[in-house]
Amino acid sequence: GEQRLGESIRDTRAHHVREETGLTVESGRLACVDSDPCQGGLCSYTDGVVQYTNLTFVCWCEPGALHASEESTLLSWCRTTQLPHPFLQTHAWRLAQAMSGAMAVR
């Protein structure tokens, strides 16, 4: 999601996770930075094309129930070995980076 003016990356992460899932998370390590336009970093909207930079963090959830939003209409917990299909290739790459323990940039 978009970072608000005057907001830290940590605060951006927290408010988007809460808005899109209903969960409160504790910030962990930065797993990867993904901005490659050849790997889905470009999105077309009615008012133009934007390039995203995605930051993936490893976080810890406080106890709570999942709540879908307009941006995330279906939420569920699953094992990394049982991901839903189709699962976007860019999301699979980000998950692999988070699970590896290393930090990656592309």
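Read on for an overview of the structure. (Residues numbered from 1 in each chain as written. Predicted model: local features only at pLDDT ≥ 70, side-chain atom pairs only at ≥ 80, totals over all residues. Heavy atoms only, no water.)

**Digging into the pattern of salt bridges**
Opposite charge on two side chains permits pairing when their charged atoms draw close.
Part 1: This model, assessed by the stated rule, comprises 3 salt bridges.
Part 2: Residue E19 is joined to R4 by a salt bridge in which the shortest nitrogen-to-oxygen separation is 2.9 Å. Residue E19 is located in helix α1 (residues 9-21), and its partner R4 is located in the segment before α1; the two are separated by 15 residues in the primary sequence.
Part 3: In this structure E19 comes out as partly exposed when scored by relative accessible area, which is 37%.
Part 4: Residue R94 pairs with D34 through a salt bridge whose shortest N-O separation is 3.2 Å. Residue R94 is found in helix α2 (residues 89-100), and its partner D34 is found in strand β1 (residues 25-34); the two are separated by 60 residues along the sequence. With respect to class, R94 is no different from D34; both count as buried. (Salt bridge = Lys/Arg side-chain N within 4 Å of Asp/Glu carboxyl O. Helix = DSSP H or I, 4+ residues; strand = E, 2+ residues; numbered from the N terminus. Buried < 20%, exposed > 50% of the residue type's maximum accessible area, 1.4 Å probe, protein only.)

**As for the pairing of strand β3 (residues 48-51)**
Part 1: Where strand β2 (residues 42-45) and β3 come together, 4 bridges link them in antiparallel fashion. In the strand pairing of β3, C43 is matched with V50.
Part 2: Connecting the antiparallel pair β2 and β3 is a turn made up of 2 residues. (Pairing = 2+ DSSP bridges.)

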